Amino acid sequence: MPPSVTTLSLLALLAVSQCLAAKAPNVVFIFTDDQDLRHGSLDYMPILQKELVAKGTLFTNHYATLAQCCPSRSSLFRGQAGHNTNITNVQAPGGNYDKWVASGQDKDYLPHWLVKAGYNAEYIGKFLNGYNIANYATKPKGWTHVDVTTDPYTYAYNNVVMSADGKTPVSYHGYHQTDVLRAKALDRIKYLSGTSKPFYLTIAPVTPHLPAVPLERHSQLFLDKKAPRPANFNPANKIQANAVSWVADVPLMTAKQINATDELFRNRIQGLQGVDEIIEDVVALLGDLGILDNTYIVYSSDNGYHLGNHRLPHGKTLPFVEDTNLPFIVRGPGVPANKKSQLPSAHLDLAPTFLEIAGVAKKDWPTFLDGRSLLNNWKNPKAAQPAQCGAAAQVDAPEILNVEFWGNSGGEAPIQDTRNTYKSLRIVSATGSNGATVSYLYSRWCTNETELYDTVADPYEINNLSLNPDAATKRLLSRLNALLLATKSCADVTCRNPWRLLQPEPEKRAIVADGTLTISCLGDALKPEYDDFFASIPNVAFQECKEVQLIANERPYWPAELGGGLGLDYRNSPDTFVTHKPNPKQRVEGNAKNQGTQAQRHVTLAEIEQKAIILVKEELG
């Protein structure tokens, strides 16, 4: 007797289920632009709270390695610190898409590795600053599909221009950028779910980057809200006297500036409602397709943002917590629901994490990775931080986070100043003297001024302990100087544990076997018996304030001779490169009115493409 239709249907469903079960996990990475953690932006996103925070884990100690768009994204893509990518700014000569290509790093980064591991790897939204209507044909390499915003329209929310796979850019007239990205992302998920391969998809909204234009349907929300007023909001002279470099010169904000900051805060949280809708639709679609339980959904931003802190009306690029501490939430297979974790991590850890998810053996990872996999943290977010000191110390030192920057104060700053290059490190929940838990922000600016904040006692970073140090603080400063010298010089294994470079015995530095470190933590380093050793280590210094990384300008390093350091063995070093600047004879016409009406809430890509227009020659170049 032949099998019934019902039996055949069940067998087909079983085969599909087995196929899905056999697939490696998918990854959907929702990656916003300039979103803060410390101003409470996540509290205004009810869908994110319901679908990601309540059903996943919020990591509160996740940091950017550079607090600006392009360099932060490059660091994430390559799993390297900024001094090793040498993509150090959003514009030439420090960095942009053209420098990324000229450096050759576009030939060896995350999507290449994932595709080699058997994944489809796709990217929708904002990519790197400087990808534009003049160089669009130089397609971002590695991705199986890439569809990204193009300058000079990237921040024009009502003038959406994008290039797919290096093809001539297309204008999507009549729609708001966030709706276009949402529709494109849903379309790609439908396609990817029907292939035989697992997939990685980045969805990168430009929101809430300036000018932070919300969808029209959200433009009347939160009209009574104001930016938070913590202790470092527009502080008095007595507090501001703790600042260094150009920040020390910033005057009190005026009433007009404060009102503008409040308005921007409202616009930002209004704009994030569109991102909340992306989360809602993505989660629902993954559920409808039967792949939600086999998909990691990761949510973060490229850098944070300040709003009135340290008298700065708005912006980024600084080492302070508002600019560097990021939203970071994970939902997915094995990740506990409704948990909050203080385990430290950084963007350069994401590439190795995705490689572990993809099943790539560690021996096959790129040798230049500075980061480490976070997968165990994701699955065990409430685990105690491993031992840092003594024979039981872990191989890595994740409590040490390196943050650095090269460039001026940025177009959003109230003062345009070149004294904004700095090296800093953030120590999160480290073991200090007598086993106490300590946290610090230590910075050395290109003016050769120093900042030290005890971020447990001083979470708003307003009491600079380096100004009048007592004996104990002087000892701490000597250790942090050495640690910063190591982190600014580190590569691969020494970035994961810079104590490897700070051994009293020269023969042990960097090559010591795991578990035999003489100094393995801050508590060890603070012992008086090492005073002479740390006194012998030179100070972190700059010859002058430069807007680019120059080895001669930033000596000394540790060890003194870099050899193959600063990533030079794994990238080109373009002293000069051609920057393509958009200069069309004719600009694309944007929407006369703000789009994103309630009627467009569920607009499909097919509907959007009915109005799509390919740019003509006069609109390119």
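Calculation criteria
Residues numbered from 1 in each chain as written. Predicted model: local features only at pLDDT ≥ 70, side-chain atom pairs only at ≥ 80, totals over all residues. Heavy atoms only, no water. Helix = DSSP H or I, 4+ residues; strand = E, 2+ residues; numbered from the N terminus. 1 Å grid on protein atoms, 1.4 Å probe; cavity = no way out; pocket = protein on both sides within 12 Å on 5 of 7 lines; lining within 4 Å. Points joined across faces, edges and corners; volume = space filled by probe spheres on them. Nonpolar A, V, L, I, M, F, W, Y, C, P; charged D, E, K, R; others polar. Phe/Tyr/Trp six-rings, centres within 6.5 Å; stacked < 30°, edge-to-face > 60°. Buried < 20%, exposed > 50% of the residue type's maximum accessible area, 1.4 Å probe, protein only. Lys NZ or Arg CZ within 6 Å of the ring centre and 35° of its normal. Pairing = 2+ DSSP bridges. Axes fitted to C-alpha atoms, helices over the stretch in contact; angles between N-to-C directions. Contact = heavy atoms within 4.5 Å. Parallel < 35°, antiparallel > 145°, perpendicular 65-115°, else oblique. Left-handed = near helix turned anticlockwise from the far one by under 90°. Lys, Arg positive; Asp, Glu negative; His and termini not counted. Salt bridge = Lys/Arg side-chain N within 4 Å of Asp/Glu carboxyl O. Polar contact = N/O pair within 3.5 Å; in protein donor to acceptor, adjacent residues only side chain to side chain. Disulfide = S-S within 2.5 Å. Core = buried A, V, L, I, M, F, W, Y, C linked by side-chain atoms within 4.5 Å.

On to unusual backbone geometry, then. Here the residue pair Arg555 and Pro556 is connected by a cis peptide bond, since its omega of 10° sits within 30 degrees of zero. Looking at the secondary structure, you find Pro556 in the loop between helix 17 (551–554) and helix 18 (605–609). Looking along the chain, the bond that leaves Trp558 and enters Pro559 is cis, with omega of -5°. Its place among the elements puts Pro559 in the loop between helix 17 and helix 18. A positive phi is found at Asp165, a non-glycine position, where the angle reads about 55°.

Here we come to empty space enclosed by the protein. Under the definition given, this model contains 5 cavities of 30 Å³ or more. Of the voids in this model, the largest cavity is the one considered here, and its volume is about 220 Å³. In terms of lining residues, the largest cavity is bounded by 18 residues, among which Leu348, Asp370, Ile400, Leu401 and Cys495 are the most central. Contributing elements (two or more residues each) for the lining of the largest cavity: strand 13 (400–405) and helix 14 (493–496). Ranked by residues supplied to the lining of the largest cavity, first place goes to strand 13 with 3 residues. Grouping the amino acids of the lining of the largest cavity by side-chain chemistry returns 10 nonpolar, 4 polar and 4 charged.

Looking now at the packing of aromatic side chains. Aromatic ring pairs are defined here through the distance separating the ring centres and the angle between the ring planes. A complete count under the given rule lists 26 aromatic pairs for this structure. Measuring from ring centre to ring centre gives 6.0 Å for Phe77 and Trp100, while their planes differ by 50°; the resulting arrangement is tilted. In this pair, Phe77 sits in helix 3 (residues 69–78) while Trp100 sits in helix 5 (residues 97–102), placing the two residues 23 residues apart along the sequence. Its relative accessible area of 0% is what places Trp100 among the buried residues. With 5.3 Å between their ring centres and 90° between their planes, Tyr123 and Phe127 make a pair best called edge-to-face. The buried category is assigned to Phe127, whose relative accessible area is 1%. By the ring-pair criterion, three or more aromatic residues cluster together here, those being Phe29, Phe31, Phe77, Tyr97, Trp100, Tyr109, Tyr123, Phe127, Tyr131, Trp143, Tyr200 and Phe354. Across from the ring centre of Tyr557, 4.2 Å away, lies the NZ or CZ of Lys488, which sits over that ring.

Here the focus is the environment of Ile551. Tracing the sequence through the fold places Ile551 in helix 17. Residues Ile551 and Leu566, spaced 15 residues apart in sequence, show a C-alpha to C-alpha distance of 9.0 Å.

Let us now look at the sheet that holds strand 13. If you trace the 4 strands from one edge of the open sheet to the other, you get 13-14-15-16, paired in antiparallel fashion. Both edges of this open sheet fall to strand 13 and strand 16 (450–454), since each of them pairs with a single strand only. Averaged over all pairs of adjacent strands, the angle between their axes in this sheet comes to 15°, without regard to strand direction. Of the strand pairs in this sheet, strand 13 and strand 14 (residues 422–431) are connected by 6 bridges, and their pairing is antiparallel. Counterpart to Leu401 in the pairing with strand 14 is Arg426. Against the sheet, helix 13 (residues 471–489) makes contact with strand 13, strand 14, strand 15 (437–445) and strand 16, and its axis sits at roughly 115° relative to strand 14, the strand it touches most.

Once that is clear, we can look at the packing of helix 7 (residues 177–193) against helix 9 (residues 255–288). When two helices pack together, their arrangement is given by the angle between the helix axes and by the axis-to-axis distance. Two numbers describe how helix 7 lies on helix 9: the axes approach to 10 Å, and their chain directions differ by 15°. Considering their axes alone, helix 7 and helix 9 lie roughly parallel with respect to each other. Here the hand of the crossing between helix 7 and helix 9 comes out right-handed. The segment helix 7 lies against helix 9, with Thr178, Arg182, Leu186, Ile189 and Lys190 engaging Gly274, Val275, Glu277, Ile278, Asp281, Val282, Leu285 and Leu286.

Moving on to the side chain of Arg78. Mapped onto the elements, Arg78 comes out in helix 3. Within the buried core, Arg78 has no salt-bridge partner, and the shortest N-O distance to an opposite charge, that of Asp108, equals 4.3 Å. Only 2.9 Å separates the side chain of Arg78 from the backbone oxygen of Asp108, close enough to count as a polar contact. Beyond its immediate chain neighbours, meaning those up to four positions away, Arg78 contacts Thr85, Trp100, Gln105, Asp108, Tyr109, Trp113, Phe368, Leu369, Tyr570 and Arg571.

Right, let's get into the state of the cysteines. For the structure on display, the rule yields 3 disulfides. The partner cysteine of Cys446 in its disulfide is Cys545, sulfur to sulfur 2.0 Å. Taking the sign of the torsion about the S-S bond as the criterion, the disulfide between Cys446 and Cys545, at about 90°, is right-handed. Of this pair, Cys446 sits in the loop between strand 15 and strand 16 while Cys545 sits in the loop between helix 16 (531–535) and helix 17, and the two are 99 residues apart along the sequence. Owing to a relative accessible area of 22%, Cys545 belongs among the partly exposed residues under this scheme. Here Cys490 is linked by a disulfide to Cys495, with a sulfur-sulfur distance of 2.0 Å.

Residues Phe77, Tyr123, Phe127, Trp143, Tyr200, Phe354 and Trp378 are the most contacted members of the largest nonpolar core, which totals 50 residues. Of the residues forming this core, the biggest block, 5 residues, is contributed by helix 11 (residues 350–357). In this view, Phe77 contacts Trp100, Tyr109, Leu110, Trp113, Tyr123, Phe127, Leu128, Trp143 and Ala351; residues no more than four positions away in its chain are not counted. Listed in part, the 42 residues of the second largest apolar core include Val28, Val170, Tyr175 and Leu201.

This brings us to the sheet that holds strand 8 (residues 199–204). Read from one edge to the other, the open sheet built from 11 strands follows the order 11-2-10-9-1-8-4-5-6-7-17, with strand pairing classed as mixed. Unpaired on one side and paired on the other, strand 11 (339–341) and strand 17 (612–614) mark the two borders of the sheet. The average undirected angle you get between the axes of adjacent strands in this sheet is 20°. As defined by bridge partners, strand 9 (residues 295–301) adjoins strand 10 (residues 328–331) across 4 bridges and the pair is classed as antiparallel. Looking at strand 10, one finds that Val298 is bridged to Val330.

Turning our attention to helix 3. For helix 3, a buried count of 10 out of 10 residues is recorded, marking the element as mostly surrounded by other parts of the structure. Among the residues of helix 3, those classed as buried are Cys69, Cys70, Pro71, Ser72, Arg73, Ser74, Ser75, Leu76, Phe77 and Arg78.

Bringing the pairing of strand 14 into the picture now. Two faces make up the sheet, and in a regular strand the side chains alternate between them. Counting buried residues along strand 14, 8 of its 10 residues qualify, which places the element largely inside the surrounding structure. Relative to strand 15, strand 14 runs antiparallel, the two being bridged by 8 bridges. Looking at the pairing, Lys423 lines up with Arg444 of strand 15.

Inspection of every chain in the model, using the stated rule, returns 30 salt bridges. Asp262 serves as the salt-bridge partner of Arg229, at 2.6 Å between the closest nitrogen and oxygen. Here Asp262 lies in helix 9 and Arg229 lies in the loop between strand 8 and helix 8 (237–240), a separation of 33 residues in the sequence. The exposure class assigned to Arg229 is partly exposed, which follows from its relative accessible area of 41%. Within this structure, Asp179, Arg182, Arg217, Glu277, Glu280, Asp281 and Arg601 form a network of salt bridges that share partners.

So, to be careful, I would describe these as geometric facts and stop short of saying anything about function.
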